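So the chains spell out like this:
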Amino acid sequence: MYICVNPVFMKRDEFSGFFGVLVATVGSAVGLGNLWRFPYLVGQNGGAAFILVYLAFVIVICLPIMVAEFVIGRSTKANTVNAFKKLAPGSLWRGIGIMGVIASFCILAFYTVVGGWTVDYLVRSVIHLFSKPDISNLEAQFSQMVTSPLRPIIWTIVFIALSGFIVMSGVKKGIEKYSRVMMPFLFVMIIILAIRSITLPGAEAGISFLLKPDFSKITTETLLDALGQAFFSLSLGMGCMITYGSYIPDKENLTRLSFTTALSDTFFAFLAGLAIMPAVFAFGVSPQEGPGLVFIVLPRIFAQIPLGNVFAIFFFLILFIAAITSVISLMEVITAYLTEQKRIKRTWAVGIISVVVAVCACLSSLSQGLLKDVKIFGKTFFDFFDYLSANILLPIGGLLIVLFVGWRLKRSQVYEQFTNSGSLKGTFFRAFYFLIRYVAPVAIVILFLNVILK
Ligand code: TRP
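Residues numbered from 1 in each chain as written. Predicted model: local features only at pLDDT ≥ 70, side-chain atom pairs only at ≥ 80, totals over all residues. Heavy atoms only, no water.

Before going further, it helps to spend a moment on the site of the ligand. In the vicinity of the ligand lie 17 residues, with Ala-29, Gly-33, Tyr-111, Phe-232 and Ser-235 positioned nearest. Residue Leu-32 places a main-chain N or O atom 3.1 Å away from an oxygen atom belonging to the ligand. Contact distances for the ligand include 3.4 Å between an oxygen atom and a side-chain N or O atom of Asn-34. Counting only elements with at least two residues in the shell around the ligand, the list comes to helix H1 (18-29), helix H2 (32-44), helix H5 (94-127), helix H10 (220-233) and helix H14 (308-341). The residue makeup of the shell around the ligand, split by class, is nine nonpolar, eight polar and no charged. (Near = heavy atom within 4 Å. Polar contact = N/O pair within 3.5 Å; in protein donor to acceptor, adjacent residues only side chain to side chain. Helix = DSSP H or I, 4+ residues; strand = E, 2+ residues; numbered from the N terminus. Nonpolar A, V, L, I, M, F, W, Y, C, P; charged D, E, K, R; others polar.)

This is the structure we're talking about:
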């Protein structure tokens, strides 16, 4: 019997169908960005006006980019670096793939630290289930936790290990299997929490804050924030969706998948706003608390509502699940690269990635306290990784990806993937192609120039 040992001939792992792909892509998209960043950006930038701008960017710029990433991934069935090598042999385009791998590390380096904080708060909320937490100094408790040298690092390592375990188990048997269970649960929990929040006495102010636009607050800065947030929230610009795209079965409709993913992600962000803002207003705290919103303001509110202890567990479980399903997508980008390009076994690849990420994450975590005076380009490690990925690597990556699909690939190649070799109608193809070639690159360049010339 002929036994095939050459990995080139081995069947590549694949998601099992529309729902399987969807839970994975939505898992990647829905993350701390939705729960931790979106509500406070909305708070700082004029409520509903910001949401409208955000929606416009999602539809006009981000949705086409997501389709473009899926096209690259599925047409090559390869990791990000190899995808560009296959489509444009011998060219420098493979640099996009390499940049994606670097961006993954940068995002993981600060994202897993916040993931560690969510584990800390989750454990604490379980411990407090039957006792009254001390809410007199929540702000001090939070800053004491994040600045202490050891505690957040331990939780961050636990968080990385759990994510590593899922990725190690494979695409279908790991990522898809766990997302199938966690994602529906996540949506049910956020809906329950939103209902609890909007039925609090005095919640109207929060709801109208989310729904009433204040256009005077829209500035160039706001537009930048909205586009950056849309990119980050939809996991675009660094090959995450290229990698997941490479596991999408040929029969799935890429436009429908992108649309459903973007819709679910935005819906979730809105639900997060509904869960958080009415409670914030009902208790008379400022909506502009910044990132501390979810760790400082919400525990205070939970301590004061009936069954608050249970809702606190819900909330931190939501944060945890949202974070871990995003982290596994980032890890998969690097895992696919190491296993396919460097021929490292999956287990080893994930092990190596976890160690490197843990080291970088330790630096970010310590930069909140002990190492807060160590600066790279005037920023702490934590802020540096955040800034470099969100403001530089993702926009440049996104720009190069749209230029690649819009101008380097042949129109017929793109059409072929868009319509599954002609078996779908391709109604939106012309609009998509126009947005990818002209609108998306111009928008990204304008906004990016604004960031660097600031
Ligand atoms: N989208 C996730 C969030 O909203 C984070 C994330 C996962 C991400 N993969 C990514 C961001 C790739 C940018 C690129 O929290």
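So that's the structure; there's more coming.
For the rest of this paragraph, the subject is the side chain of Thr-25. By secondary structure assignment, the location of Thr-25 is in helix H1. With near-sequence residues (within four places) excluded, Thr-25 lies in contact with Phe-70, Met-241, Tyr-244, Leu-257 and Thr-261. (Contact = heavy atoms within 4.5 Å.)

Before going further, it helps to spend a moment on the confidence of the model for the chain. Summarising the model, the chain shows a mean pLDDT of 90, and 97% of its residues fall at 70 or more. Across the chain, the element-wise mean pLDDT spans from 82 in helix H13 (residues 293-302) up to 98 in helix H11 (residues 240-245). Confidence over residues 1-6 falls short of pLDDT 50; this stretch has two contacts with residues more than four positions distant or in other chains. (pLDDT = per-residue confidence, 0-100.)

Moving on: the packing of helix H3 (residues 48-76) against helix H18 (residues 429-453). Working note: a packed helix pair is described by the angle between its axes plus the distance between those axes. One way to put it is that H3 packs onto H18 with a least axis distance of 9 Å and a crossing angle of 115 degrees. For the element pair H3 / H18, the angle class is roughly perpendicular. Crossing angle aside, the handedness with which H3 passes H18 is left-handed. Between H3 and H18, the contacting residues are Phe-57, Val-60, Ile-61, Pro-64, Ile-65, Val-67 and Ala-68 on the first element and Phe-432, Leu-435, Ile-436, Val-439, Ala-440, Ala-443, Ile-444 and Leu-447 on the second. Of the residues belonging to the contact of H3 with H18, the class tally is 15 nonpolar, no polar and no charged. (Axes fitted to C-alpha atoms, helices over the stretch in contact; angles between N-to-C directions. Parallel < 35°, antiparallel > 145°, perpendicular 65-115°, else oblique. Left-handed = near helix turned anticlockwise from the far one by under 90°.)

This part takes up the nonpolar core. Nonpolar side chains in soluble globular proteins tend to be buried together. Ranked by size, the top nonpolar core spans 162 residues in total, and within it Leu-35, Ile-72, Trp-117, Phe-295 and Phe-315 carry the most contacts. Per element, the largest residue contribution to this core is 21 residues, and it comes from H14. If we ignore the near neighbours within four places in the chain, the residues touching Phe-315 are Leu-35, Leu-193, Ile-276, Val-294, Leu-298 and Phe-302. (Core = buried A, V, L, I, M, F, W, Y, C linked by side-chain atoms within 4.5 Å. Buried < 20%, exposed > 50% of the residue type's maximum accessible area, 1.4 Å probe, protein only.)

Remark: the centre distance and the inter-plane angle together describe each pair of aromatic rings, the angle taken between the planes. Overall, the coordinates contain 33 aromatic pairs when judged by the stated rule. Aromatic side chains Phe-110 and Phe-382 sit 5.8 Å apart centroid to centroid with 65 degrees between the ring planes, which places their arrangement in the edge-to-face category. Here Phe-110 is found in helix H5, whereas its partner Phe-382 is found in helix H16 (residues 381-408), with 272 residues between them in sequence. Pairing Phe-315 with Phe-316 gives two aromatic rings, centres 5.4 Å apart and planes at 75 degrees, and the pair type is edge-to-face. According to the relative accessible area criterion, Phe-316 is buried, its value standing at 3%. By the ring-pair criterion, three or more aromatic residues cluster together here, those being Phe-110, Tyr-111, Trp-117, Tyr-121, Phe-142, Phe-232, Phe-295, Phe-302, Phe-315, Phe-316 and Phe-382. Taking the ring centre of Phe-232 as reference, the NZ or CZ of Arg-37 above it sits at 5.3 Å. Over the face of the ring belonging to Tyr-387 we find Lys-379, whose NZ or CZ atom lies 4.6 Å from the ring centre. (Phe/Tyr/Trp six-rings, centres within 6.5 Å; stacked < 30°, edge-to-face > 60°. Lys NZ or Arg CZ within 6 Å of the ring centre and 35° of its normal.)

For the rest of this paragraph, the subject is the pattern of salt bridges. Counted by the stated rule, this structure contains eight salt bridges. Where Lys-77 meets Asp-250, a salt bridge forms, and the shortest distance between an N and an O atom there is 2.8 Å. A residue pair is termed long-range when its members are at least 10 positions apart, and Lys-77 in the loop between H3 and helix H4 (80-87) and Asp-250 in the loop between H11 and helix H12 (254-282) qualify at 173 residues. Judged by relative accessible area, which is 26%, Lys-77 ranks as partly exposed. Between Glu-176 and Arg-180 there is a salt bridge whose closest N-O contact spans 3.0 Å. Here the residue Glu-176 and the residue Arg-180 both occupy positions in helix H8 (residues 171-198), the gap between them amounting to four residues, near one helical turn. Judged by its relative accessible area of 2%, Glu-176 falls in the buried class. Taken together, the shared-partner salt bridges connect Asp-120, Arg-124 and Arg-151 into one network. (Salt bridge = Lys/Arg side-chain N within 4 Å of Asp/Glu carboxyl O.)

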